[in-house]
Amino acid sequence: LSPFVDENYDAEFAWSPSAGTSAGFHQYDGQIEDRSAAAYQKRIATLEGQKLKADAFPTEALGQQETADLQILRNSIDAELLDLKTLKTWQRNPIDYVALPGGAVDLIMKREFAPAKERLHSVTARLQGAPALVAAMKANVVNPPKEFTELAIRVAAGSVGFLKGDVAKWAKDAAAGDVQALGNFQKA
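Residues numbered from 1 in each chain as written. Predicted model: local features only at pLDDT ≥ 70, side-chain atom pairs only at ≥ 80, totals over all residues. Heavy atoms only, no water.

Student: Just give me the short version of the nonpolar core, but keep the residues and values in it.
Tutor: Core analysis: the biggest nonpolar cluster contains 16 residues, and Tyr40, Leu47, Leu81, Leu84, Trp90, Tyr97 and Met137 have the highest contact counts within it. Every element with two or more residues in this core is listed here: α3 (37-56), α4 (64-87), α5 (95-110) and α7 (130-140). Ranked by the residues each element gives to this core, the list is headed by α3, at four residues. Setting aside anything within four residues of it in sequence, one finds Leu47 in contact with Ile77, Glu80, Leu81 and Leu84. Core analysis: the next-biggest nonpolar cluster, separate from the first, contains 15 residues, Leu120, Phe162, Ala174 and Ala175 among them. (Core = buried A, V, L, I, M, F, W, Y, C linked by side-chain atoms within 4.5 Å. Buried < 20%, exposed > 50% of the residue type's maximum accessible area, 1.4 Å probe, protein only. Helix = DSSP H or I, 4+ residues; strand = E, 2+ residues; numbered from the N terminus. Contact = heavy atoms within 4.5 Å.)

Student: Please set out the side chain of Arg74 residue by residue, giving values where relevant.
Tutor: Its location among the elements puts Arg74 in helix α4. Not counting the four nearest positions on each side in its chain, Arg74 is found in contact with Ala54, Asp55, Phe57 and Thr59.

Student: So what about helix α1 (residues 2-15)? Which residues, and what values?
Tutor: In this model, α1 (14 residues) spans 20 Å end to end at C-alpha, consistent with the 20 Å of a helix rising 1.5 Å per residue. Residues Phe4, Asn8, Ala11, Phe13 and Trp15 constitute the buried set of α1. Buried positions along α1 lie against α2 (17-22), α3 and α4. (Expected span 1.5 Å × (residues − 1).)

Student: Can you lay out the packing of aromatic side chains for me, pointing to particular residues and giving the numbers?
Tutor: Under the defined criterion, the tally for this structure stands at six aromatic pairs. Centre to centre, the rings of Phe13 and Phe25 are 5.4 Å apart; their planes meet at 35 degrees, and the pair counts as tilted. Residue Phe13 is found in helix α1, and its partner Phe25 is found in the loop between α2 and α3; the two are separated by 12 residues along the sequence. Ring centres of Phe13 and Tyr28 lie 5.9 Å apart, and the angle between their planes is 65 degrees; on these two criteria the pair is classed as edge-to-face. Taken together, the positions of Phe13 in helix α1 and Tyr28 in the loop between α2 and α3 put the pair 15 residues apart, joining distant regions of the chain. (Phe/Tyr/Trp six-rings, centres within 6.5 Å; stacked < 30°, edge-to-face > 60°.)

By themselves, these figures tell us nothing about what the structure is for.
Okay, structure coming up:
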């Protein structure tokens, strides 16, 4: 079961680099989520493949804990497929798109797993991906409910304030006089 679990998490963190960072896998720190329609279709295909593997897994050789773990994975896959294929919140709710950059940066900024200057490069890389998230939102989200749109506007305004205030102050300190690193951040 372990190789299947590892494959599942590798796919999850490739889909959601912020989750990888949150789990302590720092190879994802310089990446931000791709939420293009093509990326969603690829994620659906990955999940469908994982579902087939999970459903075909020989459970008779598993102990009680591994059987429970496999069922948890199946349920997680099913829940995500339900959201992506049936509910299609990625086509109706702009909140996830506008909340992602602030959350992705917050993870890097507040966790002291590396020197601040090193983390600043990851923050900059994630911010450079923010325009693609906005473009994906504009392409993917069609006729969102008014309540989702109003909340997304408030979330986006809060993120802008966070980025221009707290993150900009942190970046100046993190750059520690490195004009190029600070300039790259400010450009992003």
